[in-house]
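Breakdown of the fold
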Amino acid sequence: MSPPRPIPFIDLKAQYGRLRDAIDRRIRAVLDHGQFILGPEVAEFERALCALTGAGHAVGVSSGTDALEIALMAEEIGPGDAVFVPSFTFPATAEVVVGVGAEPVFVDSDIETWNVDPADLEQRIAAVEREGRLRPRAVIAVDLYGLPAPYEALRGLAATLGLALIADAAQSLGGSLDGVPVGRLASVTATSFFPAKPLGCYGDGGALFTDDARRAELFRSIRAHGQGKAKYDIVRAGRNARLDTLQAAILMAKLEVFADEIAARERIARQYDRHLAGHVVLPARPQGARCAWAQYTVLVEGRDEVCAELKAQNIPTMVYYPRPLHLQPAFARYGTGPGSLPASERLSSQVLSLPMHPYLEADTCDRIASALISALGGRSPVP
Ligand SMILES: *Cc1c(COP(=O)(O)O)cnc(C)c1O
């Protein structure tokens, strides 16, 4: 018997099939007008992002990583400063801190939501203050897999302690918390348009959101070499970090169906939940939170065997992320070693992401869930 039909983990071809005419038309328009750098589509897309999120200002940049770095540069964070970041995240969240010369301080995750744990954050800030070597300056919260971090608690902590709160919303554009869209949950929000993100372009891209006009001006200046009022009026050392016109044009076409795609992701997540309840630990659904479902991730025991079993059935899975940053060679010197962030370490060993994209058919979702249940071979959900 031949193995069952392969399933893509993310199906960008299905999306292009749906949007081909609009995307091709948008790309041709850019080729015709030829304004490849900061052309009219960039400003058009920035206005559309403000409409989508309710943010006062959106600034298109070259990637999610650059968005985070620009956010830190705008706060003038550098040597001697501590920036608090979760350890259980994509490396960019911490690498930008090192990039500006500051030090990342790793914070543990909440074992229920898998996002940063505000109680642990508070303790780690206090420890840095006691030690006195670094100045606590900022917190970068990550909306892991698309679920907004606990911003109410984080905003309170940041305000009390005078820290900047930056949202790493690379995975969560389209989500919301208590009716407030991602983009307005922190004073600065960074997102990514990497192709596999909920709103992805055809290359690298990102954006910054803020309600503060002064900050937005700083972001615009930094993304264009530190430009002042005129092109060669250079008022700070900046970067080359603009969003390409072509990517903005592609994103404009994709925005037309974005709300519909987020709704489709929610539908698929519910379907996985129904099948898998009682078999694995399901992703949390905190009161008031709407997840963008960049990933559908569960916790399993015996992950390696489960993955191998699914692979034999032509079902791809991914592990985001197999090792927390405080145990990565590049970042270990900023961390406190194995055992110091128990939730992050446990999550890294048990998370498993299943195929998730808006074009996943209901029967494919059924097939994936049944294959996972049989691969678990009666293992009970992790305690
Ligand atoms: C993807 C991602 C980034 C980086 O975005 P790029 O556009 O790839 O630079 C940062 N943080 C998180 C949590 C991400 O998932």
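Each value, and the rule that gives it
- Residues numbered from 1 in each chain as written.
- Predicted model: local features only at pLDDT ≥ 70, side-chain atom pairs only at ≥ 80, totals over all residues.
- Heavy atoms only, no water.
- Helix = DSSP H or I, 4+ residues; strand = E, 2+ residues; numbered from the N terminus.
- Rg over C-alpha atoms; globule rule 2.2 N^0.38 Å.
- Buried < 20%, exposed > 50% of the residue type's maximum accessible area, 1.4 Å probe, protein only.
- 1 Å grid on protein atoms, 1.4 Å probe; cavity = no way out; pocket = protein on both sides within 12 Å on 5 of 7 lines; lining within 4 Å.
- Points joined across faces, edges and corners; volume = space filled by probe spheres on them.
- Nonpolar A, V, L, I, M, F, W, Y, C, P; charged D, E, K, R; others polar.
- Near = heavy atom within 4 Å.
- Polar contact = N/O pair within 3.5 Å; in protein donor to acceptor, adjacent residues only side chain to side chain.
- Areas by Shrake-Rupley, 256 points an atom, 1.4 Å probe, with all protein chains shown as cover.
- Sits in = over half its atoms within 2 Å of the grid points.
- Core = buried A, V, L, I, M, F, W, Y, C linked by side-chain atoms within 4.5 Å.
- Axes fitted to C-alpha atoms, helices over the stretch in contact; angles between N-to-C directions.
- Parallel < 35°, antiparallel > 145°, perpendicular 65-115°, else oblique.
- Left-handed = near helix turned anticlockwise from the far one by under 90°.
- Contact = heavy atoms within 4.5 Å.

**Overview of the overall build of the protein chain**
Within the protein chain, the secondary structure is distributed over 12 helices and 12 strands. Computed over the C-alpha atoms, the radius of gyration of the protein chain is 21 Å, within 12% of the 21 Å expected from 2.2 N^0.38 for a compact globule of 383 residues. Seen along its three principal axes, the alpha-carbon backbone of the protein chain occupies a region of about 70 × 60 × 35 Å. When each of the 383 residues of the protein chain is scored for burial, the buried share is 54%.

**Some points on empty space enclosed by the protein**
Counting across every chain of the model gives two cavities of 30 Å³ or more. The calculated volume of the largest cavity comes to roughly 130 Å³. Forming the boundary of the largest cavity are 16 residues, of which Ile 10, Leu 12, Gln 15, Arg 265 and Pro 358 lie nearest the centre. Of all the secondary structure elements, the ones that give two or more residues to the lining of the largest cavity are α1 (12-33) and α9 (258-276). Taken together, the residues of the lining of the largest cavity sort by class into eight nonpolar, three polar and five charged. Quantified by volume, the second largest cavity comes out at close to 90 Å³.

**Topic: the site of the ligand**
Lining the immediate surroundings of the ligand are 16 residues, of which Thr 65, Asp 168, Gln 171, Ser 192 and Lys 197 lie closest. A distance of 2.7 Å separates an oxygen atom of the ligand from a polar backbone atom of Gly 64. Surface burial for the ligand is 94%, taken as the share of its 380 Å² of free accessible area covered by protein chains. At a threshold of 2 Å from the grid points, most atoms of the ligand map onto the largest pocket. Every element with two or more residues in the shell around the ligand is listed here: α3 (64-74) and α4 (92-99). Taken together, the residues of the shell around the ligand break down into six nonpolar, eight polar and two charged.

**Regarding the nonpolar core**
In this structure, Phe 84, Tyr 151, Tyr 272, Leu 276, Tyr 296, Leu 352 and Leu 372 are the most contacted members of the largest nonpolar core, which totals 52 residues. Here the element with the most residues in this core is helix α12 (residues 362-376); it accounts for seven residues. Membership of the second largest hydrophobic core comes to 34 residues, among which are Val 85, Val 96, Phe 106 and Leu 218.

**Concerning the packing of helix α5 (residues 118-131) against helix α6 (residues 151-161)**
Running from amino to carboxyl end, α5 crosses α6 at an angle of 15°, the nearest separation of the two axes being 10 Å. With respect to each other, α5 and α6 are oriented roughly parallel. Considering the relative orientation of α5 and α6, their crossing is right-handed. Between α5, through Pro 118, Leu 121, Glu 122 and Ile 125, and α6, the contact on the second element is made entirely by Ala 153, Leu 154, Leu 157 and Leu 161.

**Considerations on unusual backbone geometry**
Cis geometry is found at the peptide bond from Tyr 320 to Tyr 321, where omega equals 10°. Counting through the fold element by element, Tyr 321 comes out in the loop between α10 (303-312) and α11 (342-350). The phi dihedral of Leu 38 is positive, around 50°, even though this residue is not glycine. Relative to the helices and strands, Leu 38 resides in the loop between α1 and α2 (40-53).

As far as function goes, none of this settles anything; it's purely spatial.
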